[in-house]
Every structure is written in structure tokens, then in C-alpha cells.
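# Secondary and tertiary structure notes
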2 protein chains.
Amino acid sequence: MFSDMKITKNKFVYIQLKDYIKGMILKGLLRGGEKLPSSREMAVMLNVSRNTVLYAYEFLQDEGFVYIKKGKGTFVSNVKVDLQGKWNINWKDEINGYGKLSEELDIIKHETKWQSGMISFKSIAPDEKLFNIEEFKKAFLNRMSIEGQKVLNYGYAQGYKSLIEYLLKYMENKGVDIEGKDILITNGFTEGFDLVLSCLTNRGDNILCENPTHNTAIKIMKLHGLNIKGVQVGKEGINLNDLKEKLEREKFKISYFIPSYHNPTGIVMSPEKRVELYNILKNYNVPIIEDGFNEELRYSGAHVSPIAAFSGKGNSVVYIGSFSKILFPGIRIGWILSDKILTGYLESAKRSRNIHTSSLDQAVFYDYLENGNFDKYIKKARRVYREKYEFALECARQYISSREILGEGGLHIFIKLKNINSRELLQRCCERMVIFTPGDVFYVDDGGKDTLRLGFSRVSKKNIKKGFKIIGEEIKKLGGA
Amino acid sequence: MFSDMKITKNKFVYIQLKDYIKGMILKGLLRGGEKLPSSREMAVMLNVSRNTVLYAYEFLQDEGFVYIKKGKGTFVSNVKVDLQGKWNINWKDEINGYGKLSEELDIIKHETKWQSGMISFKSIAPDEKLFNIEEFKKAFLNRMSIEGQKVLNYGYAQGYKSLIEYLLKYMENKGVDIEGKDILITNGFTEGFDLVLSCLTNRGDNILCENPTHNTAIKIMKLHGLNIKGVQVGKEGINLNDLKEKLEREKFKISYFIPSYHNPTGIVMSPEKRVELYNILKNYNVPIIEDGFNEELRYSGAHVSPIAAFSGKGNSVVYIGSFSKILFPGIRIGWILSDKILTGYLESAKRSRNIHTSSLDQAVFYDYLENGNFDKYIKKARRVYREKYEFALECARQYISSREILGEGGLHIFIKLKNINSRELLQRCCERMVIFTPGDVFYVDDGGKDTLRLGFSRVSKKNIKKGFKIIGEEIKKLGGA
């Protein structure tokens, strides 16, 4: 019976033997009380060392699968699982509204799937080839030697202290007055936004945002049952008259804006416009959630302070930041900078959701940042992405007939077509192995059917050109000029 | 003005200089158009190398704080923040019911704070001294060399594939039939439980659980607005007659149990009782959420399969597992094993909450597990904790006058006192620098006022003895026999 066992390479033999015997016991092929071959016999049978067998038996004993009778041998414990009559739940019927809506709004599940050989403009993830793994390793080993055991045990819900202090200073360096404010570390922007809405809004509340806006933010607002009112965004950015009209008409609980490299249009809001926006919302006393999305990537012109900076000692802006949209998204670290009282509530909500963000990741990331690696990285990333952006823009102008090409940098451009349905276009392009994100997913109403977002961060220049050409050709076939 | 700058050790000088100049610009002490000292002058003034100054200036330029006029020098950009009139929100008034309840139920915020010198029996976190940092480092470096850049970029919401496969096999090795089931990786048990309730329950639904039960679970159930009905747990474990009565009386949406090392009583449910429990719930068609809490720590007797194993191909048990209660809680990795259809919905909910659990942590943890390190760790941990458990039990019997001492192992014992209020006891012990968790926090009703949980995992034997003695003395003063 044991001779059936197949020993594979690349895996410890004692683990394989242990698992094999466990399996036989659980299936009832080895019964309670049955004697196992002696370690000597087993070693010969399997052509492995006797120590390997002894080690496997020892673990089986520890886990209660076998017991040893002194001088008599190793015996199987009585652990066979008595399967009970079948009991099935039709889980689909059990899912509540939240679960169903989560699935329905889960774009990744319902969009065109990537196939090998495709040129995909869907992603706006950073190009991992730019990550400096050696610096990251150094940061890890450094943290491990300083406090390895500590960071592998439970941490604080608010976050890893040194990282919080680093980020407070970082925000100060952007011109934000941090007095009376504090930081909560989150698992990226997504968790930050979800926590803020969880603690502040009730189903049916009105929320203001740009239209179009970040599709994940739309999903989260919808999951919270909010009434989303979108303010027009055109070539000149957000339409402040539209904003005023909306504020005049209805009461809003809160508002959400992406002033730097707005997703999906890539527009950067000017300092003057930030001030104006701030003052309009102040007039109506509607607090602002500011999404610092890709703020760090800006590669030209004078520094623009976040809206949070203009409020000085005021506390009406909740700033959600994340480096991980441009660096190490895999470790999921973001932060919320807000009034201390609000931070306290957000911290409790965070603790009830997942206790805290990985202390290991926070500690390593802190070490990485503290040693100036982010500055070095962002210098390189800005250069690479600017070059790509300029190239993509040039290709778009050359090949894609459009009404407008939006975007002042970042990792994507946004295109408005001339009366062409972008999903129809996508279908055709898909047949030619080119995919992109249809723009309607960024609209809070049924707008944007003639728009698309082209992310270029992980596409080579050669493929940007090739892909844009194909998109352009299909537009022509659809009757675009 | 620059001579005010204090250069500190342990931090790169160019970063300090950069931050200092940024600060002056943002405060308006350096105005737009103003010329900075030349790098030579600045180097002399601060007694640093000219390259350091050049490097700082370069970053300031990249970030848009200064600009260079060729042949003329470095000038300050126009980035001063014009502070707008004060606008304050009274955030406390803005917090909704969820936020308020989160804070109210956040035990950590309202309990006795630890002070230096105290003996604390509150924690049931593992003792980090048992963690093998060298093996963890090896796993990290191995993953980094194989796929460092990949794991630092975005991963999948469901989790890191190799870890999922490992855990499926791991569950199979516990006797669970995984056909038709799948795994979602979560940020620990807390997130797993929150996600399951988020997708399945509606406010006002009835949920069954043990009474007492895991306090974090109680918090999450309350935050979901569920009606919690607790089944009595005594010296013999869960009272199945009480369970039947409750099921007869009301309709339940779902149930939640901790069969292995029940928290807080430490009782292990026997295989026979698991089968009986399973069949009772099957009769009433109430699905089971099984919390695998500290299952891995069992250190005596034959292996006991999780309830999930008894259902065979049935899909009515949702199993939530986590190694991180005993190993590396800092990296927050847990999993939900459930029917594939349910897993799909849970995955979408997970994506809308925080995209995915840290890919880095998942990959490193997978490498650590795959190389048999967990087996080695748990062998050592079992020995250490068993010894501590036996010692603690002995001390409790010797010093603490009680009605019952519960617990068959694990990291804590649970004590029922003879008509003594454990919060009153805590107050007195606290004055003598000994603290513990009053048992009422584990009760879903107003029971447990005469109970306490004593966690010993991170307390030395010397302090266990000393602390238990003090508790015993205070019990006597309160009139305990």
C-alpha cells in the first residue's frame, strides 16, 4: 500500500510521507489501532532514510494521527471522519444585497479578460521593473535585525508609530498644518475611503464628486447606498458653476475630489481652482474628502499643495494618501490624515475590520522611506513615465481621431471620441488583441459612452504605437473621421 | 537664515536640507522669485559637501519648489499656500451609528491601560520570542529572488495562488473534502468573519453562537446589527439541549462556533459532540461558521477533525482559519474555506474593501510554510505552551479560590469565581499592578460578571505565580473562600 506513494522532488520527503499517511487515515484506508510498518521497513520500502520516516512519525504523533506503544510499534489513532448525510446550502439564495451588489459592481469579474499576446491598456498599475528590489531587501533586513520579532507580533490599529510620524512630517512638507490632526494607516486608498464613508454616511445621504471619477470610489459609494451627484469635468477641469448649482439645490453630507491627476481624465487642478473649490464647499459647509491620487508623480511646473493645505488649522478636509498606486501596490499601504477626533473613530472601525495593517509591511516601508529611497525612486519613475506619457500623447494625436484627449501626465490618458460607442470599439479592438477601459465605468450617470481610458504604464513604446494604431483603424471603420 | 538649520545624525543631510527649505517656502519665509544661496555658499554655511546641496536642490526642483535659471542661479517657485479663512467641522456630531458603536465596543480604548511594571494576563498573543526570524528571513529572500518585483505589484483579490493551493491541501489534510469549495485569503480572522457577515446577514437577523464567545466576534455581530442568541457553555462545553430549544423557538440565519480551544473557556469540543452539533443545525438548516481558533495548538490526544470535515461533500460549513493567532500575527493572514459560489461573492466584497491582502506577506508566508517551518515551529510552541498551561493551571488551583477553572490547553484559562464581581477584583488587582480580562466582555448577555480570562502566553512562570497569588489574595479580601 505504501509503495503507491510517489515521492516528488522540491518538497521535503518527511512532509510528503506525513501527508500521505494522514490522507490514508482520513480516508479510512488505515484504521484506528492498525500498526504502521516499522521505521526500518518503511525506509526500505520507500527507499528513503530511516530518519526521514522517524521524523514523519514524530509529527504524526504530535498531531494525534498515530500513537506509540513502547516496544510494540506505531499505531493509527482513531480519527476517521464519520461523514454525515449530505447537507447543501444554495448559497446564491443566501447572499444579501451588499454581497450581490459587490459582485455586480466588480468590474474585474465582468470585463474582457486578458489573453496571452494581447496589448492591454487597462492597467494603471506601476511598472514593477522600476522597483528597486535591493533597496527593499535592505530595508527588510534592517528592520528584522532591529525589531524582527516585534513587528511580526500584533501592532496598533492606528498603525506603526514611526511610519505615522514619517507621514505626518511628509504631509507637513506638502504645506499641511497637522496641528489637531492625526494619521490612520490603512490597506491602501480603497480601505481608507471605505472606512471614512462607513463612519460618516448613512444610506440615502447625498455625496458630491467629479463626473467622471475613480471607478473604485463609485463602487464604494454605491455599496454605501449613497446618492451620488457628479459635477461636470471638461477640458478645463471641474465646472465650478455646476458645483454651485448642485450645492444650491440639495444638501450634501460630504464631497470627494481628486485634484492631482484626476482619474480618469488626468487633469491637474490649479492652485487657484483648489482655493475656489475649497471656498465654495466651505460656504455650504460640506466637508471634503481629498484623494491624493498620484500627486507624487507630477513632473512639471511649480509644486501644487493639496487642498488640505489651504485649510490651515481648519479641519474640514480629510486627506487620503497612498504611495502604493505608484510604488509597491502589493503591500497595500495608504493613510488617512484627518482631525484627531475623526481619526479616533476611524481607528475603532479599522480595528473591528481587520485589527491593523501588516506591521511587517509598515515597518519595512518606513525603513525604505526613511532612507530616502522613495525620493530616488520617484525621480526615476517621473522621468520614465513622463517620457512614456509624451510618447503616448503623440501616438494618440497621430492615430486616434477624437474630440478631446485629456491628461496632463500620470499613467494614463483619457479620450473622448466623436460619437463612437467605446464598448463597440472595444469589442472590435479585442478581436485584434487590443483592450482598454471603456470610459463609462467612470461615470456616475449614463454618460461617457464615447470615452475610453488608455493606461500605458506597463506597455512598451512599441506596443503603445501598435495598439493605438489598431484603435485608430477601428475608429475609422466605425465611421470616425 | 539657513544657519538656524540643525543637522541631526542618523538622517541623510540632503533630505534634511530639502525639508528645511520646503518648510521655509511653505511658511512664506522664502518667497516666490527669491534666489537661493549658490550651492557653494550653502555648503560653506552649513559645513556640508557641495554635492549634498546640489542633490537637495535637484530634488527641490523635481518637486517644483525651486527652478533654475541658467547662469543665474536657483530661485524659489511661487508655491506659498494662501491660507483660507478658518473652517471647522465638529466631527463628533458627524459620526454615524456605525462609527459610534465601533468606538463604544472598542474594548482596547476603554479598558485598564497597561503601565510599566504591571503583570498583564490580558494578552493571548503568541510569545514572539518563539518566532524563528532566521527562517522568516530566508523565506523572504527566497521569494524576493524568485519573484520580488511581481509580489510587490498588485495581486489577486482572492489571494496569492500558491498560498491558496497550500491551504487547500492543508485543509484536506485535516479531513475536509475540498471539492466544490475554495479559499479566500483575508487579513486575519477578523476580516474573514466581517466579510462573511457582510455578504450573508441583514440587520435584525438572528445569529446563534456560544455564550460566552470570542469578544471580537461579538463586536462584529453587534456592528452588523444582528440579534445574538448565545447557547450556554459550561464545564462540559456547549449545552446541546439549550441549542435545540433555541432553534425550536426562533429562525436563525446562521451560527458561529469555536470548537477547538473555545475562546474564552479553552474547552475542546469532542468529535462526538461536533457530529451531534452538526446534525442538530442540519435539521434546522442553519449554516455554520466554524472558527478554527488555535486548532493547531492542540497538544494531546487523537487528532480532532474540524466540523467542516464531517460534512463531506456538503457545503454548509464556512471555515475561517488563521495561523496568525499563534504565529506572526503582525502579518495578518487568515482564510475562509467555503463553497465556491460563496467564495466568489466574498472575493468581490474583499476587493471592494481593500483590493487584496499584502501579496508580499502572502508570498513570504507561503515560502515559510512550504519549507516545513510551521511544523517545526508548532512542535516547539506546543511544548512551551503546554508547559506554561500546566504551570498556570497548577498555580490557579493553588492560589485562586474559584467555582470552576476551565481550559484544556491553549494560551489562556477561564475562571468562574464564587459570587465575586471580577471588575471589582480587577480594580483591586490593578492597584497591585496585576491586570486581566474581566469575563463579562465575552458574554452576549449580562452574564459572566463573576468570570475572568487569564492569558499566560507572554508572562514568565515567575510572574504567573506572583500574579495569580495576588489575584488569590484579593479574592480572599473580597470574601472569597
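Residues numbered from 1 in each chain as written. Chains lettered and ligands numbered in written order. Predicted model: local features only at pLDDT ≥ 70, side-chain atom pairs only at ≥ 80, totals over all residues. Heavy atoms only, no water.

## Details of the overall build of chain A
Worth spelling out the cut-off: In this description a helix means any DSSP run of H or I spanning at least four residues, a strand means any run of E spanning at least two, and both kinds are numbered starting from the N terminus. Contacts are residue-level and defined by heavy atoms, with any inter-residue pair within 4.5 Å sufficient. Note on areas: Shrake-Rupley, 1.4 Å probe, and residue coverage restricted to the protein chains presented here. For the purpose of counting charges, residues Lys and Arg are taken to be positive, whereas Asp and Glu are taken to be negative. His and the chain ends are not included. The atom standing in for a charge is NZ when the residue is Lys, CZ when it is Arg, CG when it is Asp and CD when it is Glu.
In terms of helices and strands, chain A carries 18 helices and 16 strands. By its C-alpha atoms, chain A is 90 × 60 × 50 Å across when sized along the principal axes. Expressed as a percentage of contacts within chain A between residues at least 6 apart in sequence, the contacts between residues at least 24 apart total 72%. Accessible surface for chain A amounts to roughly 18,600 Å². Of this, 47% is attributable to carbon and sulfur atoms. Here chain A contributes 74 positive and 58 negative side-chain charges, whose respective centroids are spaced 5 Å apart.

## Considering the pattern of salt bridges
All names here are of chain A. Put simply, the test is: Each salt bridge in this description consists of a side-chain nitrogen of Lys or Arg and a carboxyl oxygen of Asp or Glu lying within 4 Å of one another. Relative accessibility decides the category of a residue: with a 1.4 Å probe and only protein chains considered, values under 20% of the type maximum give buried, values over 50% give exposed, and everything between is partly exposed.
Using the criterion set out here, one finds 68 salt bridges over all chains in the structure. Its salt-bridge partner being glutamate 111, residue lysine 122 comes within 3.1 Å of it at the nearest N-O pair. In this pair, lysine 122 sits in the loop between strand 3 (119-120) and helix 7 (133-151) while glutamate 111 sits in the loop between helix 6 (107-110) and strand 3, placing the two residues eleven residues apart along the sequence. Taking the relative accessible area as the measure of exposure, lysine 122 reaches 16% and is therefore buried.

## A few points about the nonpolar core
How we decide: Residues belong to a common nonpolar core when they are buried Ala, Val, Leu, Ile, Met, Phe, Trp, Tyr or Cys residues joined through side-chain atoms within 4.5 Å.
Counting 320 residues, the largest nonpolar core has Phe468(A), Ile471(A), Phe468(B) and Ile471(B) as its most contacted members. Setting aside residues up to four positions removed in sequence, Phe468(B) forms contacts with Phe121(B), Ala392(B), Cys395(B), Ala396(B), Tyr399(B), Ile400(B), Ile413(B) and Leu454(B).

## Some points on the sheet that holds strand 8 (residues 254-257) of chain B
Residue and element names in this part refer to chain B. Heads up, the rule is: Should DSSP find at least two bridges between two strands, the strands are regarded as paired.
The sheet built from eight strands is open, its strands ordered 4-11-10-9-8-5-6-7 with mixed pairing. The open sheet is flanked by strand 4 (181-186) and strand 7 (237-238), the only strands paired with a single partner. Sheet topology places strand 5 (residues 206-211) next to strand 8; three bridges connect them, and they run parallel. Its bridge partner being in strand 8, leucine 208 is matched across the sheet by serine 255.

## Re the domain arrangement of chain A
Using the following cut-off: How far each domain reaches was decided by an automatic or database domain assignment.
As far as domains go, chain A holds domain 1 (2-76), domain 2 (107-129 + 379-477) and domain 3 (132-371). The C-alpha centroid of domain 3 of chain A is placed 54 Å from the C-alpha centroid of domain 1 of chain A.

## What to know about the sheet that holds strand 12 (residues 404-406) of chain B
Residues and elements named next belong to chain B. Spatially, four strands are ordered 12-13-16-15 in an open sheet, and the strand pairing comes out antiparallel. In the strand order of this sheet, the two ends are held by strand 12 and strand 15 (437-438), each with one partner. Strand direction decides the pairing type here: strand 13 (residues 412-416) and strand 16 (residues 451-455), joined by five bridges, are antiparallel. Considered in strand 16, the bridge of isoleucine 415 is made with leucine 452.

## Section: the environment of His412(A)
Residue and element names in this part refer to chain A. Filter applied, for reference: Between N or O atoms, a polar contact is any pair within 3.5 Å; within protein, one atom must be a potential hydrogen donor and the other a potential acceptor, and residues adjacent in sequence are included only when both atoms are from side chains.
Of note, histidine 412 is situated in strand 13 (residues 412-416). Once the C-alpha coordinates of histidine 412 and serine 316 are considered, the two residues, 96 residues apart in sequence, prove to be 30 Å apart. Residues within four places of histidine 412 in sequence aside, it is in contact with Ile124, His262, Asn263, Pro264, Thr265, Gly266, Phe293, Arg453, Leu454, Gly455 and Phe456. A polar atom in the side chain of histidine 412 sits 3.0 Å from the backbone oxygen of proline 264.

## Considering the relation of the copies chain A and chain B
Operational definition: Here the copies were fitted onto each other by least squares, based on C-alpha atoms from residues at pLDDT of at least 70 in both.
Placing chain A over chain B gives an RMSD of 0.1 Å and needs a rotation angle of 180°, together with 0.0 Å of translation along the axis. As the rotation angle and translation indicate, the two copies are arranged about a two-fold axis. When the interface residues of chain A are mapped onto chain B, 100% of them are again interface residues, pointing to one common binding face.

## Re the interface of chain A and chain B
Size of an interface, as often reported, equals the accessible area lost when the parts are brought together. This is how the line gets drawn: When two parts are brought into contact, each loses some accessible area as probed by a 1.4 Å sphere; the total of that loss over both is the buried area. Throughout this entry, Asp, Glu, Lys and Arg are counted as charged residues, while Ala, Val, Leu, Ile, Met, Phe, Trp, Tyr, Cys and Pro are counted as nonpolar. The remaining residues, Gly among them, count as polar.
The interface of chain A with chain B comprises 131 residues on the first partner and 131 residues on the second. Taken together, both faces of the contact between chain A and chain B bury some 11,500 Å²; the carbon and sulfur share is 58%. When the area that chain A buries against chain B is broken down by residue, the three leading residues are Trp87(A), Trp91(A) and Tyr345(A), summing to 8%. Summed over the shared surface of chain A and chain B, the number is 14 salt bridges. Of the charged contacts in the structure, one is a salt bridge between Lys379(A) and Glu58(B), with a shortest N-O distance of 2.5 Å. Joining chain A to chain B, the criterion identifies 65 residue pairs in polar contact (both at pLDDT 80 or more). When residues in the side of chain A that touches chain B are grouped by element, the largest group, eleven residues, is from helix 14 (residues 340-354) of chain A. Among the residues forming the side of chain A that touches chain B, the class breakdown is 51 nonpolar, 39 polar and 41 charged.

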